[in-house]
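Coordinate analysis (summary)
Chain by chain, the residues run as shown.
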Amino acid sequence: VAVPAAALVLGGGAISWQEAVSEVGRLLPVVGFLAAVLVLARLCDDEGLFQAAGTAMARATSGSQNRLLAAVFAIAAAVTAVLSLDATVVLLTPVVIATARTLSVSPRPHAYATAHLANSASLLLPVSNLTNLLAFSAAGLTFLHFAAVMTLPWLAAVAVEFVLLRWLFAKDLAVRPRRDTACTPIEIPVFALVVLGLTLVGFAVTSLAGLSPAWAALAGAVVLGVRGLQRGHTSVTRIAAAADVPFLAFVLCLGVVVDAAMNSGMESAMRQVIPDGTGLLSLLGIAAVAAVLSNVVNNLPAVLVLLPLV
């Protein structure tokens, strides 16, 4: 849908070719990072990282679903922060559901946890969310400064959701797991964890050097990709599919469509809505507008609309 929509606004003159090329060029580093981190997450899955996470969650139950939920929260928050929310949704959620079914308990509270944490737990790092990267590029912060600013909001959001989900799913969580998996060994993919750790360090280093974090993600993906190909855990076709080219095209074309909409009067209209100033009330007003716009359309176009204005 986004590709013909971009063609339509170009053909209709809502945006010039020069403006469209400029917008695509602005988004390319972000899209490049997205492609690299999607591949990195898939290769971590091929190395058995998410299978090990499922085993760890099952062993953490000790006869209590509340402990299982706590383990799901801890692992989902970590995966979302380091490998982005896409990895949590696509790769971790099926593991969580399978773990719950293995324990003969309802997967509902745990599936809700991963779905919510894919959003709220993506506050921590610039690489945790595509929208974070867009804001990060305009904020003038380093990688570590961004993380320092967002640590308390990240912890608060995760804690609030943990309390609320325990309350909302109290009946489901009261059911004791029927199967004891405490003796199931955890096969820790040490190599994948080391590469992930080094990639995370690389995010900070590239930021200090003024480079895109896509280069660090690409380096991690190349290392795991070469290893996966050598060991027969993956294939070139599987790696290419993991990059999700249609989704990358969607992001680029969405940027062109939003830019055209801004040129066609949306920018002046939004300027009347967004509060001025940097005081608490103004910031709360901006947050409210962002929240409404994100729910009406999507978080990505909301940031593309609001970022140039704020």
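Quick summary incoming for the structure in this document. Remember, it's a predicted structure, so these values are computed and weren't measured experimentally. (Residues numbered from 1 in each chain as written. Predicted model: local features only at pLDDT ≥ 70, side-chain atom pairs only at ≥ 80, totals over all residues. Heavy atoms only, no water.)

1. Points about the overall build of the chain
Using the following cut-off: Each helix is a run of H or I in the DSSP string that is no shorter than four residues. Each strand is a run of E no shorter than two, and both are numbered from the N terminus. Burial classes follow relative accessibility: with a 1.4 Å probe on protein chains only, a residue under 20% of its type's maximum area counts as buried, one over 50% as exposed, and anything between as partly exposed. Note on definitions: a residue-residue contact is assigned when non-hydrogen atoms from the two residues lie within 4.5 Å. Asp and Glu are treated as the negative residues and Lys and Arg as the positive ones, with His and the ends of the chain left uncounted. The atoms used to mark charge sites are NZ of Lys, CZ of Arg, CG of Asp and CD of Glu.
Within the chain one finds 14 helices and 0 strands. Along the chain, from the amino end to the carboxyl end, the secondary structure elements read α-α-α-α-α-α-α-α-α-α-α-α-α-α. On the principal axes, the C-alpha backbone points of the chain span a range of 65 × 50 × 35 Å. In the chain, which comprises 310 residues, the proportion classed as buried is 45%. Sequence-distant contacts in the chain: of pairs separated by 6 or more residues, those separated by 24 or more amount to 77%. The average position of the 15 basic charges and that of the 14 acidic charges among the side chains of the chain differ by 16 Å.

2. Quick word on the nonpolar core
Test applied: Put simply, a nonpolar core is a bunch of buried Ala, Val, Leu, Ile, Met, Phe, Trp, Tyr and Cys residues held in one set by side-chain atoms that sit within 4.5 Å of each other.
Among the nonpolar cores identified, the biggest contains 85 residues, and F33, F50, M57, L83, L92 and M270 are the most heavily contacted of them. Of the residues forming this core, the biggest block, 17 residues, is contributed by helix α4 (residues 65-102). In this structure, F33 is in contact with V127, L133, F203, P213, A214 and A217, ignoring residues within four places of it in sequence. Counting 9 residues, the second largest nonpolar core, distinct from the first, contains A2, V9, I15 and A20.

3. Observations concerning a nonpolar patch on the surface
We apply this condition: Residues enter patches when their relative accessible area tops 30% and they take part in no salt bridge; the joining distance is 9 Å for like charges and 5 Å for the nonpolar side chains Val, Leu, Ile, Met, Phe, Trp and Tyr. Using the Shrake-Rupley algorithm and a 1.4 Å probe, accessible areas are obtained, with residue cover drawn only from the displayed protein chains. One side-chain nitrogen of Lys or Arg within 4 Å of one carboxyl oxygen of Asp or Glu is enough to make a salt bridge.
A contiguous nonpolar patch, built from I186, I188, V190, L193, V194 and L198 and spanning about 540 Å² of accessible area, is present on the exposed surface. Within the element layout of this structure, I186 appears in the loop between α8 (170-173) and α9 (190-208). Its relative accessible area of 32% is what places I186 among the partly exposed residues.

4. Digging into empty space enclosed by the protein
Selection criterion: Here a cavity denotes a set of grid points, spaced 1 Å apart and computed over the protein atoms alone, in which a 1.4 Å probe fits but from which it cannot get out, and a pocket denotes an open set meeting protein on both sides within 12 Å along at least five of seven lines; residues with an atom within 4 Å of a point are reported as lining. Grid points are joined across faces, edges and corners, and a volume is the space filled by probe spheres set on the points. Residues are grouped as follows: Ala, Val, Leu, Ile, Met, Phe, Trp, Tyr, Cys and Pro are nonpolar; Asp, Glu, Lys and Arg are charged; all remaining types, including Gly, are polar.
Taken as a whole and judged by the stated rule, the model has 1 cavity of 30 Å³ or more. Taken as a whole, the largest cavity holds about 40 Å³ of empty space. Lining the largest cavity are F33, L34, V37, S84, L85, D86, V127, S128, N129 and L130. Only α2 (17-46) and α4 provide two or more residues apiece to the lining of the largest cavity. Partitioning the lining of the largest cavity into residue classes produces 6 nonpolar, 3 polar and 1 charged.

5. Concerning helix α5 (residues 108-120)
Short version of the rule: Helix span is expected to be 1.5 Å times the residue number reduced by one.
For α5, spanning 13 residues, the distance from its first C-alpha to its last is 18 Å, which sits close to the expected 18 Å at 1.5 Å a residue. Within the span of α5, buried status applies to P109, H110, A113, T114, L117, A118 and S120. Contacts from the buried residues of α5 go to α4, α7 (143-168) and α8.

6. Considering the side chain of Q65
The criterion, for reference: Here a polar contact means two N or O atoms within 3.5 Å. Within protein one must be a hydrogen donor candidate and the other an acceptor candidate, and residues neighboring in sequence count only if both atoms are side-chain atoms.
The residue Q65 is located in helix α4 in this model. Classification of Q65 as buried rests on a relative accessible area of 1%. Reaching out from Q65, the side chain makes a polar contact with the backbone oxygen of D172 at a distance of 2.6 Å. With sequence-adjacent residues up to four places away left out, Q65 is seen in contact with V105, S106, P109, H110, D172, L173, V175 and P177.

7. As for the environment of D86
Within the element layout of this structure, D86 appears in helix α4. Sequence spacing of D86 and A118 is 32 residues, and the spatial spacing of their C-alpha atoms is 7.4 Å. Once residues lying within four places of it in the same chain are set aside, the contact partners of D86 are L34, L38, L91 and F247.

In short, geometric facts, not functional conclusions.
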